[in-house]
Amino acid sequence: MAMETPREREIAAEDSIKVVCRFRPLNDSEEKAGSKFIVKFPSGGDENCISIGGKVYLFDKVFKPNATQDKVYNEAAKSIVTDVLAGYNGTIFAYGQTSSGKTHTMEGVIGDPNKQGIIPRIVNDIFNHIYGMEENLEFHIKVSYFEIYMDKIRDLLDVSKVNLSVHEDKNRVPFVKGATERFVSSPEEVFEVIEEGKSNRHIAVTNMNEHSSRSHSVFLINVKQENLENQKKLSGKLYLVDLAGSEKVSKTGAEGTVLDEAKNINKSLSALGNVISALADGNKTHIPYRDSKLTRILQESLGGNARTTIIICCSPASFNESETKSTLDFGKRAKTIKNVVCVNEELTAEEWKRRYEREKEKVARWKGKVDKLESELSRWRQGETVKPEEQVNLIEGPDVTTPITASVEGKLDDSPMPATPGGGLMIGSLSNEERQKLEEERERLYQQLDDKDEEINQQSQYVEKLKEQMEEQEELIASARRDYEQLQQEMNRIQQENESAKEEVKEVLQALEELAVNYDQKSQEVELKNKEQESMTEELLAKQVTLNNTASELQQLRDMSAHQRKRIAEMLANFLKDLGEIGVAIGGESNENLKIAPPESNGKLEEEFTVARLFISKMKSEVKNLVQRCQGLESFQVDCNKKVSEYEKDLAECRLLISQHEARMQTLTESMKEAETRKRALEEDVDALREECAKLKAAEQVQAVTNKEKAEEKEAATKMRVALEEQMDQLRDAHQKQVAALRDELSEKQELISELKDLNQKFTLAHQQMQADYERLKQEEANKSVKLQELMLLNERREQARKDLKGLEDTVAKELQTLHNLRKLFVQDLQTRIKKTINAEDNEDDGGSLAQKQKISFLENNLDQLTKVHKQLVRDNADLRCELPKLEKRLRATMERVKALETALRDAKEGAMRDRKRYQYEVDRIKEAVRQKNLARRGPSAQIAKPIRAGQHHLSNVNAIRTGNRENECKNAFIDENKRIPAALMYNGYA
Ligand code: ADP
Ligand code: MG
């Protein structure tokens, strides 16, 4: 109508859902598998259609695989930022099969300027916009992050909230009740929240990839703004949804629980499909939003009050063709949906009044029109024809948008009108009362459903919390018990150590005491012994003097014995010399070596004797050896002689043979000579005959001249000639035959001769050979005999040595015996001598010497005893001295051990103290945690909002706020203060 302001038209407008399509490039595995790129993009500027398998799809925008994140954002999502900041609701969700690029498109790599996706770009843009807006606007931004898995909503910012429910607010707009909301004042804070949510998501599941492909993640940004000048308030909600993979179950071959999950996911996705189909149909009255939580949450985004963009993500590979097609079909259906978009404005009382007036006016207008129409209708009914000029102008009537406005305003007024657009118009066929009833019934049931949901959620949260608490308590108890046990063990150990140390110390002390006593005793003994020793030494000195005297006497005796020994030695030497001579007479050179060192020293009688015996035995064995060798040599000689005679016989035979051959050769040469002479004679005969022949020829010639004369003679002559010729021929033949025979014989003889010559040569050679052989054999024999001799010698020597050794043993034994005898003799001799001298002395002084002797023997005895005692004492002393350092060492070691034990005790005590402290600290900490838990359970504490002021960059945010009004300044100061408070205390939901 003419009176409506353009601003009102802005409030509500129909807007179709924007659907863009993005194709990712072929990935490595697809390229490896040889998948083909099956999508065709039209050439030219058109970037809104594609064809696949001949079928063409039209969208608002189509992104080719090489489209950058920046391009996608700018062309598909950027406009939503201004919408949200202008108070509209917005939704962007990505639909497509797993690994088609949904997460890549929505999130990308946060923080990477090129690879970051829509969410980080939007967040940055929202804040940049705010910083660039008027200064009198104040923004409150809060975000929530949750996922829908198996149709359960799990809060990603508070892991204890595992099953949140969906409720409707007073405007009948569904929202997730109890979801944690975080106030944020900068993009960094938003990213921190996203990080936290993602890490919580990772902690909760084992296989993140699988999980993320089976769950929907929803990031919600709620922007509220207030104009500080006119108190106008706007709010916009932006849902950013990364849906689960839209592929069919069969493709992944899921089983068991996995299949359940897939069913659930597919259930929510098929619910989404159903909702979209119902919306696309346009005739359906009931839209099944309630079939799943996903569709409940997206209720406003699909056919409600929101600017929605669906990003269809597809794979271009031939392998995924069917999935890609179904995805594209989904997008095509969604494209037809129309949303009714309006600004979420909180109106002031005046505004409401104004609107009320306006509506009243409108109603009056409508009423007037209805009245006019009614009168026109009655005129028609009465059969009157109303002229066109008088007819009510139907086209001109109240604005077409009015019903929509009404519906929107109905929402704002909290009227019980259904949220579904067009729903109000369609229900018109039912009776009003019935409709009312049904509506109420449905309302009641929904309410109940929500309540039950809420209850379930609360109960499950409570159970979860209790479980956690219980686990913590159990852990606490277990750790306390462990600590206690450890401490007990430690204590026991220390006590044991202490006791053992005590015992050790006792032992050591005892040992020390014993040692001290021993030491005293020993020192006393030593003193005593020392004294005794002194007296003894005195006595000893006296004795020494007497001893010296006797010693001198002994010396004299010794001299005498030496003299005798010398004499014996001389005798021995003579004897040895004789022996040596014998040796020379008998033995060879080998024995001479033995005689090289004749025993010249006079003093060593025994040695000499031994040496002499050795010589003798050696000589004996040598003689034996020689005899044996001689025998061996003789036998060998006989053998050799035999051999030589054999060889000689052979030689004689050979010679005979040679002479025979020589004789034969001679006869042969003789026969040769004979043959030669015969040959010569025959040749002479031939010559004579030739001569005769020549003569005859001459005669013939002569006769030929005289032939004519004497024809008869001629005839006779011819006859004779013939006869002669015949005779000649015969003769020649015989002669030739003879010559041939002779020649044959000659050659035979020649051959024979050569053969014989060869034979002769052979024989001479054989002879020579044999001669050489003989020589060689002789040589060999000689060598062998030499070797044999050597070996025999060696053997003999070995034998000899063995015998020598035996002999030596014998001689040594004998020698010893003789030595013993000799000594006996010598001693006897000495005794007799001494007796003699004593007797001589006795004759001089009988009694005195006896007494002296007795005295000497007594003294000697005494001396012996004394020396023994002295030795014993010295030994004892030495032993004691040896023992002393050992004992000292032991004492020192014990002292050290005692010290070490003391330090260990101290350490253990300290450790125990530390453990106790730690235990105390742990107990305190747990108590604190429990207290806080209890506090938290009592209900969420008040949330402090962090307002952001437009026109300022967030870095200078605090200063900017300080320049604002005092109230805000205080609030902000408080928030800054609160920033230092642990996060758990800070964000406990939004009251
Ligand atoms: P979804 O979330 O649909 O399961 P992802 O976003 O995780 O799939 O993508 C799967 C893989 O493909 C990722 O490694 C991603 O980096 C890559 N990818 C997806 N879209 C693109 C694209 N447009 N350009 C390059 N790589 C992409
Ligand atoms: Mg993903």
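Residue positions are given per chain, counted from 1 along the sequence in the order it is written. The order in which chains are written sets their letters, starting at A; the order in which ligands are written sets their numbers, starting at 1. Residue-level local features of this predicted model are given only where pLDDT is at least 70; pairs of side-chain atoms are given and counted only at 80 or more, and the full residue set underlies all totals for whole chains, interfaces and linings. With hydrogens and water stripped out, all remaining heavy atoms of the structure feed into the side-chain values.

Please give an account of the overall build of the protein chain that cites residues and values.
Counting secondary structure elements, the protein chain contains 22 helices and 18 strands. A 1.4 Å probe rolled over the protein chains alone gives each residue an accessible area, and that area as a share of the maximum for its type sets the label: buried under 20%, exposed over 50%, partly exposed in between. Within the protein chain, the fraction of its 991 residues that count as buried is 32%. Here a residue-residue contact requires only that any non-hydrogen atoms of the pair lie within 4.5 Å. Of the contacts made within the protein chain by residues no fewer than 6 positions apart, 75% connect residues no fewer than 24 positions apart. Areas reported here follow the Shrake-Rupley algorithm with a probe of radius 1.4 Å; residue values treat only the protein chains shown as occluding. For the protein chain, the accessible surface area stands at approximately 62700 Å², while carbon and sulfur atoms represent 54% of it. What counts as a helix is a DSSP run of H or I of at least four residues, what counts as a strand is a run of E of at least two, and both are numbered from the N terminus.

I'd like to hear about the site of ligand 1, residue by residue, with values.
By convention in this text, a residue qualifies as near a molecule or strand provided that one of its non-hydrogen atoms is within 4 Å of it. Neighbouring ligand 1 are the residues R22, R24, P25, Q97, T98, S99, S100, G101, K102, T103 and H104. Any pair of nitrogen or oxygen atoms within 3.5 Å is treated as a polar contact; in protein, a donor-acceptor pairing is required on top of that, and neighbouring residues in sequence qualify only through side-chain atoms on both sides. Taking S99, its main chain carries an N or O atom lying 2.6 Å from an oxygen atom of ligand 1. Starting from 560 Å² of accessible surface for ligand 1 in isolation, the protein chains cover 64%. The dominant element in the shell around ligand 1, judged by the number of residues it contributes, is helix α4 (residues 102-106), at three residues. Three residue categories are used. Nonpolar comprises Ala, Val, Leu, Ile, Met, Phe, Trp, Tyr, Cys and Pro, charged comprises Asp, Glu, Lys and Arg, and polar comprises the others, including Gly. Its residues assigned to classes, the shell around ligand 1 comprises one nonpolar, seven polar and three charged.

Give me the lowdown on the sheet that holds strand β4 (residues 49-52), citing residues and values where you can.
Taken in spatial order, the three strands line up as β3-β4-β5 in an open sheet, and their pairing is antiparallel. Each edge of the sheet is formed by a strand with only one pairing partner; in this case those strands are β3 (39-40) and β5 (55-58). Examined bridge by bridge, β4 and β5 share four bridges and lie antiparallel to one another. Among the inter-strand pairings, S51 is bridged to a residue of β5, identified as V56. Think of it this way: DSSP has to see at least two bridges between two strands before they count as a pair.

Talk me through the pairing of strand β11 (residues 174-177); I want residue IDs and the actual numbers.
Where strand β10 (residues 165-168) meets β11, four bridges bridge the pair, whose relative direction is antiparallel. Among the inter-strand pairings, H167 is bridged to a residue of β11, identified as F175. Counting the residues between successive antiparallel strands, the hairpin from β10 to β11 contains five residues, one of them, R172, with a positive phi of roughly 65 degrees.

Give me unusual backbone geometry: which residues, what numbers.
Positive phi, close to 55 degrees, is recorded for M150, a residue that is not glycine. Given a relative accessible area of 32%, M150 falls into the partly exposed group. Phi at D151 is positive, roughly 60 degrees, even though this residue is not glycine. As for its placement among the helices and strands, D151 is situated in the loop between β8 (137-149) and β9 (152-155).

Any chance you could break down the packing of aromatic side chains for me, citing the residues and the numbers?
Put simply, two rings from Phe, Tyr or Trp (the six-membered ring, in Trp's case) pair if the centres are within 6.5 Å, and we call them stacked under 30 degrees between planes, edge-to-face over 60, tilted for the rest. Tallying each qualifying case throughout the model produces seven aromatic pairs. Members of the aromatic cluster, each reached through a chain of ring pairs, are F23, F37 and F41. We call a charge positioned over a ring when the NZ of a Lys or the CZ of an Arg lies within 6 Å of the ring centre and within 35 degrees of the ring normal. Stacked on the ring of Y446, the Lys or Arg R290 has its end atom at 3.2 Å from the ring centre. Above the face of the Y88 ring, R307 is positioned so that its terminal group lies 4.4 Å from the ring centre.

Break down the pattern of salt bridges for me, citing the residues and quoting the values.
Here, a salt bridge means any Lys or Arg side-chain nitrogen found within 4 Å of an Asp or Glu carboxyl oxygen. Here the structure, examined in full by the defined rule, presents 41 salt bridges. A salt bridge links R154 to E147; the shortest N-O distance between them is 2.8 Å. Given a relative accessible area of 0%, E147 falls into the buried group. Its salt-bridge partner being R493, residue E490 comes within 3.1 Å of it at the nearest N-O pair. Taken together, the positions of E490 and R493, both in helix α15 (residues 432-586) and three residues apart, correspond to about one turn of that helix. Assessed through its relative accessible area of 29%, E490 is described here as partly exposed. Among the charged side chains, a network of salt bridges with common partners joins E168, R172, R290, R296, E443 and D450.

Quick rundown of the nonpolar core? Include the residues and the values.
Working definition of a nonpolar core: buried Ala, Val, Leu, Ile, Met, Phe, Trp, Tyr and Cys residues. They are joined through side-chain atoms within 4.5 Å. Formed by 44 residues in total, the largest nonpolar core has its most connected members in L272, L302, I310, I312 and L328. No other element matches the six residues that helix α9 (residues 256-281) contributes to this core. Residues V20, A76, F127 and I221 belong to the second largest nonpolar core, which totals 42 residues.

I'd like to hear about a negative patch on the surface, residue by residue, with values.
Patch rule: a residue counts if its relative accessible area is over 30% and it has no salt bridge; like charges are joined within 9 Å, and nonpolar side chains (Val, Leu, Ile, Met, Phe, Trp, Tyr) within 5 Å. Positive charges come from Lys and Arg, negative ones from Asp and Glu, while His and the chain ends are left out of the count. Positions of charges follow a simple convention, taking NZ of Lys, CZ of Arg, CG of Asp or CD of Glu. Residues E670, E674, D744, E745, E748, E751, E755 and D758 make up a contiguous surface patch of negative charge. Among the elements of the structure, α17 (605-705) and α18 (711-844) are those that each provide at least two residues to the negative patch. Ranked by residues supplied to the negative patch, first place goes to α18 with six residues. With respect to the helices and strands, the residue E670 is situated in helix α17.

Could you give an account of helix α11 (residues 321-335), naming the residues involved and the relevant values?
Residue pairs three or four apart in sequence face the same way in an α-helix, which turns once every 3.6 residues. Taking 1.5 Å of rise per residue, 15 residues should cover 21 Å, and α11 covers 21 Å from first to last C-alpha, within 8% of that figure. Of all the residues in α11, the buried ones are E323, T324, T327, L328, F330, G331 and A334. The arc that holds the buried residues of α11, viewed along the axis, is 155 degrees, so those residues lie on one side. Each helix should span, by expectation, one fewer than its residue count multiplied by 1.5 Å. Here, the arc refers to the directions that run from the helix axis to the C-beta atoms.

A description of the packing of helix α3 (residues 69-85) against helix α5 (residues 118-131) should follow, citing residues and the corresponding values.
Angle between the axes and distance between the axes: these two values describe a pair of packed helices. For helices, the axis comes from a line fit to the C-alpha atoms of the stretch in contact; other axes are also lines fit to C-alpha atoms, and the angle between any two N-to-C directions lies between 0 and 180 degrees. Contact geometry of α3 with α5 gives a least axis separation of 9 Å together with a crossing angle of 45 degrees. In this view, α3 runs oblique relative to α5, as classed from their interaxial angle. The way α3 lies across α5 gives a crossing that is right-handed. When α3 is examined against α5, the residues Q69, D70, V72, Y73, A77, K78, I80, V81, T82 and L85 are found in contact with a partner set consisting of I118, R121, I122, D125, I126, H129 and I130. Residue composition of the contact of α3 with α5, by class: ten nonpolar, three polar and four charged. Angle categories are assigned with fixed cut-offs, so that under 35 degrees is roughly parallel, over 145 is roughly antiparallel, 65 to 115 is roughly perpendicular, and the rest are oblique. Crossings are assigned a handedness: left-handed for a near helix turned anticlockwise from the far helix by less than a right angle, right-handed for a clockwise turn.

So what about the packing of α5 against helix α6 (residues 187-204)? Which residues, and what values?
It is the contact of α5 with α6, at a shortest axis distance of 9 Å, that shows an interaxial angle of 155 degrees. On the basis of the axis angle, α5 is roughly antiparallel to α6. The chirality of how α5 crosses α6 is right-handed. Together, I119, P120, V123, N124, F127 and Y131 of α5 and P187, V190, F191 and I194 of α6 make up the contact between the two elements. In terms of residue class, the contact of α5 with α6 is built from nine nonpolar, one polar and no charged.

How would you summarise the environment of N518 if you had to cite specific residues and measurements?
Position of N518 among the secondary structure elements: in helix α15. For the pair N518 and L880, spaced 362 residues apart in sequence, the C-alpha to C-alpha distance is 9.8 Å.

A description of the environment of E455 should follow, citing residues and the corresponding values.
For E455, the position within the fold is in helix α15. Spatially, the C-alpha atoms of E455 and L164 are 10.0 Å apart, while their sequence positions differ by 291 residues.

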